[in-house]
Amino acid sequence: MKPELDIIVRTDSDPEAARLRAAGPRVQPIHGERELAVQMARYTLRRFGVSATEAEAIAQGLRDRSRGTQPAR
């Protein structure tokens, strides 16, 4: 009805996320459990003195590893 809207949706699996991504470029699936774990790790790293830049790089690496993809460079 409104093709100009961006859609963010929570998903529970990689196959479901892939199916949703295939629906179009404005659909952004978020894997709920994965993102929660990544954010908990990022928070813990920051509490132990890791810089924000390094903590975010580690968080992105965790996301990439959990999806089985190569890290973004």
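Structural notes, computed from the coordinates. Bear in mind that the values here come from a model prediction, so they are computed numbers and not experimental data.

## Side note on the overall build of the protein chain
Here's step 1: When you go through the protein chain residue by residue, the secondary structure sums to 3 helices and 2 strands.
Here's step 2: For 73 residues, the compact-globule estimate of 2.2 N^0.38 gives 11 Å, and the protein chain exceeds it by more than 25% at 14 Å.
Here's step 3: Projected onto the principal axes, the alpha-carbon positions of the protein chain cover approximately 45 × 25 × 25 Å.
Here's step 4: Counting across all 73 residues of the protein chain, residues that qualify as buried make up 21%.
Here's step 5: Summing over all exposed atoms, the protein chain offers an accessible surface of approximately 5800 Å²; the carbon and sulfur share of this is 58%.

## So, the pairing of strand E2 (residues 27-31)
Here's step 1: Residues Val-27, Pro-29 and His-31 of E2 are buried on one face, while the alternating residues Gln-28 and Ile-30, pointing to the opposite face, are not.
Here's step 2: Inspection of the sheet shows strand E1 (residues 7-11) paired to E2 by 5 bridges, in the parallel sense. Counterpart to Val-9 in the pairing with E2 is Pro-29.
Here's step 3: Handedness of the crossover joining E1 and E2 through helix H1 (residues 14-21): right-handed.

## A word on the side chain of His-31
Here's step 1: Structurally, His-31 can be placed in strand E2.
Here's step 2: With relative accessibility at 18%, the residue His-31 sits in the buried group.
Here's step 3: Polar side-chain contacts of His-31 include one of 3.2 Å to the backbone oxygen of Asp-12.
Here's step 4: Beyond its immediate sequence surroundings of up to four residues, His-31 is in contact with Thr-11, Asp-12, Ser-13 and Asp-14.

## Regarding the pattern of salt bridges
Here's step 1: Tallying each qualifying case throughout the model produces 7 salt bridges.
Here's step 2: Residue Asp-14 is joined to Arg-34 by a salt bridge in which the shortest nitrogen-to-oxygen separation is 2.8 Å. Of this pair, Asp-14 sits in helix H1 while Arg-34 sits in helix H2 (residues 32-47), and the two are 20 residues apart along the sequence.
Here's step 3: Judged by its relative accessible area of 33%, Asp-14 falls in the partly exposed class.
Here's step 4: For Glu-56, the salt bridge is made with Arg-42, and the minimal N-O distance between the two is 3.8 Å. One end of the pair, Glu-56, is in helix H3 (residues 52-67); the other, Arg-42, is in helix H2, and 14 residues separate them in sequence.
Here's step 5: When its relative accessible area of 35% is taken as the criterion, Glu-56 is described as partly exposed.
Here's step 6: On the basis of relative accessibility, which here comes to 29%, the residue Arg-42 falls in the partly exposed class.

The rules behind the values
Residues numbered from 1 in each chain as written. Predicted model: local features only at pLDDT ≥ 70, side-chain atom pairs only at ≥ 80, totals over all residues. Heavy atoms only, no water. Helix = DSSP H or I, 4+ residues; strand = E, 2+ residues; numbered from the N terminus. Rg over C-alpha atoms; globule rule 2.2 N^0.38 Å. Buried < 20%, exposed > 50% of the residue type's maximum accessible area, 1.4 Å probe, protein only. Areas by Shrake-Rupley, 256 points an atom, 1.4 Å probe, with all protein chains shown as cover. Pairing = 2+ DSSP bridges. Right-handed = clockwise from strand over helix to strand, strands pointing away. Polar contact = N/O pair within 3.5 Å; in protein donor to acceptor, adjacent residues only side chain to side chain. Contact = heavy atoms within 4.5 Å. Salt bridge = Lys/Arg side-chain N within 4 Å of Asp/Glu carboxyl O.

Any functional reading would require information that these geometric values do not contain.
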